[in-house]
Amino acid sequence: MSLKSFPSLESLSAGAAKEIASLANQSAASRGRFTIALSGGSTPRTLYEMLAREYSKTIDWRHVHIFWGDERYVPQDDPASNYRMAKESLLDKINIPEKNIHPIPYLSTPTDSSDAYSKELQSLFKEEIPTLDLILLGLGSDGHTASLFPGMTEEEMNAGIVIVTHSPAPPPIRTSLALQVINNARNVFFLVSGEEKKEILKAVLAEEGNPDSKYPAARVYPRGGLVWFVDEAAMENKK
Ligand code: 6PG
């Protein structure tokens, strides 16, 4: 695991964008494609806008397949939709084939949505547990990540490859990649910014890789690379 600290959200996003571009080009060269799962929430918006503004040409988006780590169970045009946030900040501004964009579908029931996404992942990856090249994650102030929340058991976090979960914060119903998919990724990047994340970041890092941690974010320990991109506001002040 490595932790990279930056003075601001802007510079954190620039650092992450640079590494994403490098991974994208390496993956496309060696495997013919780059598969990335986006995270939701507010932190990654700056990164997505930067990717659209500064990497629209240096990343060959024809080889990039975009997935989501989790989604709220809302229509895709709902202000709370992670897909909508990514569409506005990135997807509408780059030359990426529509067939390369794989949102978590909003179907008649959450289970239908998660089942459909599971089927799509298994058909695209031809693996029981998909191996994504990169999964972006955020950190909730309660230690959740994607839509894996404290209080969920290991079994619940791995009840398939895409699962339906219940969020303490609205919107209440979510669909999420299972922990086993996150931990099967070649690379995982956490993006953490802001004073309000200082306590939880310290607590999660202290339990990093502990499979019994009450913090789902601490249970993320991918077989590939794990990098924390954090800003100084979220870091414990060095005494
Ligand atoms: C979501 C995210 C969630 C998010 C964290 C951090 O759907 O909300 O997947 O896990 O990454 O809650 O959110 P912020 O970046 O807004 O602090």
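Here the structure is a predicted model, which is why all the values come from computation and not from measurement.

Scoring rules and cut-offs
- Residues numbered from 1 in each chain as written.
- Predicted model: local features only at pLDDT ≥ 70, side-chain atom pairs only at ≥ 80, totals over all residues.
- Heavy atoms only, no water.
- Near = heavy atom within 4 Å.
- Polar contact = N/O pair within 3.5 Å; in protein donor to acceptor, adjacent residues only side chain to side chain.
- Areas by Shrake-Rupley, 256 points an atom, 1.4 Å probe, with all protein chains shown as cover.
- Patch = residues over 30% accessible without salt bridge, like charges linked within 9 Å, V, L, I, M, F, W, Y side chains within 5 Å.
- Salt bridge = Lys/Arg side-chain N within 4 Å of Asp/Glu carboxyl O.
- Helix = DSSP H or I, 4+ residues; strand = E, 2+ residues; numbered from the N terminus.
- Buried < 20%, exposed > 50% of the residue type's maximum accessible area, 1.4 Å probe, protein only.
- Arc of directions from axis to C-beta.

## Let's talk about the site of the ligand
In the neighbourhood of the ligand, 15 residues make up the surrounding shell, with Ser42, Thr43, Arg72, Ala146 and Lys197 lying closest. In the model, an oxygen atom of the ligand is placed 2.6 Å from a nitrogen or oxygen of the threonine 43 side chain. Between the ligand and the protein, one listed contact pairs an oxygen atom with a side-chain N or O atom of histidine 144 at 2.8 Å. Across the complex, the protein chains shield 88% of the 420 Å² of accessible surface that the ligand would expose by itself.

## Points about a nonpolar patch on the surface
Nonpolar side chains collect at one region of the surface, where Met1, Leu3 and Tyr221 lie side by side and expose about 290 Å² of accessible area between them. Inspection of the secondary structure puts tyrosine 221 in the loop between helix 7 (198–206) and strand 9 (225–231).

## Observations concerning the environment of arginine 53
Its location among the elements puts arginine 53 in helix 2 (residues 44–54). Taking C-alpha positions, arginine 53 is 19 Å from alanine 37, a pair spaced 16 residues apart along the chain. Of the polar contacts made by the side chain of arginine 53, one reaches the side chain of glutamate 54; its length is 3.4 Å.

## Some details on helix 3 (residues 82–89)
Those residues of helix 3 that sit buried are Asn82, Tyr83, Met85, Ala86 and Ser89. In an axial view of helix 3, the angular spread of the buried residues amounts to 165°, which keeps them on one side of the axis. Near the N-terminus of helix 3, the side chain that reaches the backbone nitrogen of tyrosine 83, with its oxygen 3.1 Å away, is that of serine 81.

Keep in mind these numbers describe shape, not what the thing actually does.
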